[in-house]
6 protein chains.
Amino acid sequence: MPFVRIDLFSGRTEEQKANTARAITEALVQHAGCTPDSVQILFADVEKSDWATAGVLASRRGQ
Amino acid sequence: MPFVRIDLFSGRTEEQKANTARAITEALVQHAGCTPDSVQILFADVEKSDWATAGVLASRRGQ
Amino acid sequence: MPFVRIDLFSGRTEEQKANTARAITEALVQHAGCTPDSVQILFADVEKSDWATAGVLASRRGQ
Amino acid sequence: MPFVRIDLFSGRTEEQKANTARAITEALVQHAGCTPDSVQILFADVEKSDWATAGVLASRRGQ
Amino acid sequence: MPFVRIDLFSGRTEEQKANTARAITEALVQHAGCTPDSVQILFADVEKSDWATAGVLASRRGQ
Amino acid sequence: MPFVRIDLFSGRTEEQKANTARAITEALVQHAGCTPDSVQILFADVEKSDWATAGVLASRRGQ
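Quick caveat: nothing in here was measured; it's all calculated off a predicted structure.

Peer 1: So what exactly am I meant to see when it comes to empty space enclosed by the protein here?
Peer 2: All told, the structure shown has one cavity of 30 Å³ or more when counted by the stated rule. Its boundaries defined by the atoms lining it, the largest cavity holds a volume of some 270 Å³. Looking at the largest cavity, it is lined by 18 residues, and the ones nearest its centre are Arg5 of chain A, Arg5 of chain B, Arg5 of chain D, Arg5 of chain E together with Arg5 of chain F. At the level of elements, strand 1 (3-9) of chain A, strand 1 (3-9) of chain B, strand 1 (3-9) of chain C, strand 1 (3-9) of chain D, strand 1 (3-9) of chain E together with strand 1 (3-9) of chain F are the ones that each hand at least two residues to the lining of the largest cavity. Looking at the lining of the largest cavity residue by residue, the classes come out as six nonpolar, no polar and twelve charged.

Rendered as structure tokens:
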């Protein structure tokens, strides 16, 4: 039953997400004893103008 | 104070979400002793290319 | 594939959660066209000292 | 390491989000002993048709 | 309607959380045009053995 | 900046979580072009009495 939510910057291709999902599922099967069918992974794209670190939006870093 | 977050595939109509929200609120009132005003429900649409089960993106199932 | 996360105050019994889960699943099947098997529901208990509304922790309301 | 996720109605400007992120980071530094660099804040815009209170979607309030 | 979820290391006192919640609510009122009553904040304590950065659990940093 | 949240049944050891975190970070570096330092992973343990599939709590499956 693991449910994996990944918040990440927009811009990855479907191919990148497909490969990432496969590799993360393998990681959970190998190291956490999950069955492949039980693993659900959700990618949530986030714009740089919606993510701040140390109080500064990523879209404004280097300004 | 229940906060209900529902991640689901894109494509439901506003009418479906309105009916679902009403029914889920009733369920929480009836079975969990919540007051209607305290129940907040958030629908988060997810594309099939952003959701993987058993390591395979839903957009690539059956390929 | 709906994944439903419910943050709510601690204190509900397993029976209340079982009935709530069943009713919410029925709501999603009836109103959002989901299949029962696709519906996952996660209850996350929250202490009143961890939940604030209007800037006041629930544990300090009425103080 | 605090990770702050803010679900809020769509419509805020980047300037509003930048100021909010700065002020929330300061709040966590001042009151929770965090270092600025450790604070990550994610804004998730939500449409009124995706948020219900007391069983009614915000987009249908007042109808 | 902003819902603010804060995942942070365990160990803050209720007083720290109360002050943080008040300051974050003020930040959202002042910079994002929210009303105080609409702001909900949830603190989720996380153990160091449940949080990894750069592939290393916080509980194992410096080992 | 990927933030990975993993909701999973309680019971994994710290060693399992450490190995899983390392492997998932490698997956994100290799397939999604992330830097190791940017990857944060949070494990959230969930009791079987708090997780329902098809309307039935995991703690009541097989009853």
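There's plenty left to go through after this.
Peer 1: Which parts of the structure should I look at to understand the relation of the copies chain A and chain F?
Peer 2: The two chain copies are related to each other by a rotation about an axis together with a translation along it. Taken as rigid bodies, chain A and chain F are interconverted by a rotation of 180° and an axial shift of 0.0 Å, the fit giving an RMSD of 0.0 Å. Taken together, the rotation angle and the small translation identify this as a two-fold axis. Of the interface residues in chain A, 100% have counterparts in chain F that sit at the interface too, so the contact is made through matching surfaces.

Peer 1: Would you mind going over the interface of chain A and chain F with me for this structure?
Peer 2: Accessible area lost when the parts come together is the quantity often used to give the size of an interface. The interface is formed by 24 residues belonging to chain A together with 24 residues belonging to chain F. Taken together, the links from chain A to chain F amount to zero salt bridges. Here chain A is connected to chain F by five residue pairs in polar contact (both at pLDDT 80 or more). Elements that contribute at least two residues to the side of chain A that touches chain F include exactly strand 1, helix 1 (14-32) and strand 3 (51-53) of chain A. Sort the elements by how many residues they give to the side of chain A that touches chain F and helix 1 of chain A lands first, with ten residues. Grouping the amino acids of the side of chain A that touches chain F by side-chain chemistry returns 14 nonpolar, six polar and four charged.

Peer 1: Any chance you could explain the packing of aromatic side chains here in plain terms?
Peer 2: Each pair of aromatic rings is reported with the distance of its centres and the angle of its planes. Applying the stated rule across the entire model yields 15 aromatic pairs over all chains. Pairing Phe3 of chain C with Trp51 of chain F gives two aromatic rings, centres 5.8 Å apart and planes at 65°, and the pair type is edge-to-face. Placement of the pair is Phe3 of chain C in strand 1 and Trp51 of chain F in strand 3 (residues 51-53), with the two residues belonging to separate chains. Exposure class is identical for Phe3 of chain C and Trp51 of chain F. Each is buried. An angle of 65° between the planes, with centres 5.5 Å apart, marks the rings of Phe9 of chain F and Trp51 of chain F as edge-to-face. Separated by 42 residues along the polypeptide, Phe9 of chain F in strand 1 and Trp51 of chain F in strand 3 bring together distant segments of the chain. For the pair Phe9 of chain F and Trp51 of chain F, a shared accessibility class is recorded, and that class is buried. Within the aromatic cluster, the residues linked to one another by ring pairs are Phe3 of chain A, Phe9 and Trp51 of chain B, Phe3 of chain C together with Phe9 and Trp51 of chain F. A cation over an aromatic ring shows up here: Lys48 of chain B above the ring of Phe9 of chain B, its NZ or CZ 5.1 Å from the ring centre.

Peer 1: Teacher, can you tell me more about helix 1 (residues 14-32) of chain F here?
Peer 2: Given 3.6 residues per turn, any residue in an α-helix points the same way as the ones three and four places further on. With 19 residues, helix 1 of chain F should cover 27 Å at 1.5 Å per step; its first-to-last C-alpha distance of 26 Å lies within 8% of that length. Taken together, the buried positions of helix 1 of chain F are occupied by Lys17, Ala18, Thr20, Ala21, Ala23, Ile24, Thr25, Ala27, Leu28, His31 and Ala32 of chain F. Those residues of helix 1 of chain F hidden inside the fold are in contact with helix 1 of chain A, strand 3 (51-53) and strand 4 (56-57) of chain E together with strand 1 and strand 2 (40-46) of chain F. Once helix 1 of chain F finishes, Gly33 of chain F follows within two positions and takes phi at roughly 70°, a positive value.

Peer 1: I would appreciate a short explanation of the sheet that holds strand 2 (residues 40-46) of chain B in the present structure.
Peer 2: Backbone-to-backbone hydrogen bonds join strands into a sheet, with any given pair of strands oriented parallel or antiparallel. Pairing in this open sheet of eight strands is mixed, and the strands run 4(D)-3(D)-2(B)-1(B)-1(C)-2(C)-3(F)-4(F) from one edge to the other. One side of each edge strand has no neighbouring strand; the edge strands of this open sheet are strand 4 (56-57) of chain D together with strand 4 (56-57) of chain F. Bridging between strand 3 of chain F and strand 4 of chain F involves two bridges; their strand directions are antiparallel. Bridge pairing in strand 4 of chain F places Ala52 of chain F opposite Leu57 of chain F. Lying on the sheet, helix 1 (residues 14-32) of chain B is in contact with strand 1 and strand 2 of chain B together with strand 3 (51-53) and strand 4 of chain D; it crosses strand 2 of chain B at an angle near 140°. Its contacts with the sheet place helix 1 (residues 14-32) of chain C against strand 1 and strand 2 (40-46) of chain C together with strand 3 and strand 4 of chain F, and it is angled at close to 140° to strand 2 of chain C.

Peer 1: Explanation requested: the UniProt feature "domain: 4-oxalocrotonate tautomerase-like" (unreviewed entry) in chain A in the structure shown.
Peer 2: UniProt feature "domain: 4-oxalocrotonate tautomerase-like" (unreviewed entry): in the numbering of this structure it lies at residues 2-57 of chain A. In this annotation, residues 2-57 of chain A is assigned 34% helix and 34% strand; the end-to-end C-alpha distance for the span is 31 Å.

Peer 1: Mind showing me how you'd approach the pairing of strand 1 of chain A here?
Peer 2: A regular strand places its side chains on the two faces of the sheet in alternate fashion. Of all seven residues that make up strand 1 of chain A, seven are buried, and the element is covered over most of its length. Pairing of strand 1 of chain A with strand 1 of chain F, which is carried by five bridges, proceeds in the antiparallel orientation. Counted as the bridge partner of Val4 of chain A is Ile6 of chain F from strand 1 of chain F. Handedness of the crossover joining strand 1 of chain A and strand 2 (residues 40-46) of chain A through helix 1 of chain A is recorded here as right-handed.

Peer 1: Mind showing me how you'd approach the arrangement of the chains here?
Peer 2: For the non-touching pair chain C and chain D, the nearest C-alpha separation works out to 12 Å. Separating chain B from chain F is a minimum C-alpha gap of 12 Å, and the two share no contact.

Peer 1: For this particular structure, what's the right way to read the pairing of strand 1 of chain F?
Peer 2: Pairing geometry for strand 1 of chain F and strand 2 of chain F, over seven bridges, is parallel. Bridging across to strand 2 of chain F, Phe9 of chain F finds its partner in Val46 of chain F.

Peer 1: For this particular structure, what's the right way to read the sheet that holds strand 2 (residues 40-46) of chain E?
Peer 2: A sheet is described by the order of its strands in space; here eight strands give the open sequence 4(A)-3(A)-2(D)-1(D)-1(E)-2(E)-3(C)-4(C), paired in mixed fashion. Here the strands that pair on one side only, and so sit at the sheet edges, are strand 4 (56-57) of chain A together with strand 4 (56-57) of chain C. Where helix 1 (residues 14-32) of chain E meets the sheet, its contacts fall on strand 3 (51-53) and strand 4 of chain C together with strand 1 and strand 2 of chain E, and the angle it forms with strand 2 of chain E comes to roughly 140°.

Parameters at a glance
Residues numbered from 1 in each chain as written. Chains lettered and ligands numbered in written order. Predicted model: local features only at pLDDT ≥ 70, side-chain atom pairs only at ≥ 80, totals over all residues. Heavy atoms only, no water. 1 Å grid on protein atoms, 1.4 Å probe; cavity = no way out; pocket = protein on both sides within 12 Å on 5 of 7 lines; lining within 4 Å. Points joined across faces, edges and corners; volume = space filled by probe spheres on them. Helix = DSSP H or I, 4+ residues; strand = E, 2+ residues; numbered from the N terminus. Nonpolar A, V, L, I, M, F, W, Y, C, P; charged D, E, K, R; others polar. Least-squares fit on C-alpha atoms with pLDDT ≥ 70 in both. Contact = heavy atoms within 4.5 Å. Salt bridge = Lys/Arg side-chain N within 4 Å of Asp/Glu carboxyl O. Polar contact = N/O pair within 3.5 Å; in protein donor to acceptor, adjacent residues only side chain to side chain. Phe/Tyr/Trp six-rings, centres within 6.5 Å; stacked < 30°, edge-to-face > 60°. Buried < 20%, exposed > 50% of the residue type's maximum accessible area, 1.4 Å probe, protein only. Lys NZ or Arg CZ within 6 Å of the ring centre and 35° of its normal. Expected span 1.5 Å × (residues − 1). Pairing = 2+ DSSP bridges. Axes fitted to C-alpha atoms, helices over the stretch in contact; angles between N-to-C directions. UniProt positions renumbered as here; feature names shortened; annotations may be inferred. Right-handed = clockwise from strand over helix to strand, strands pointing away.

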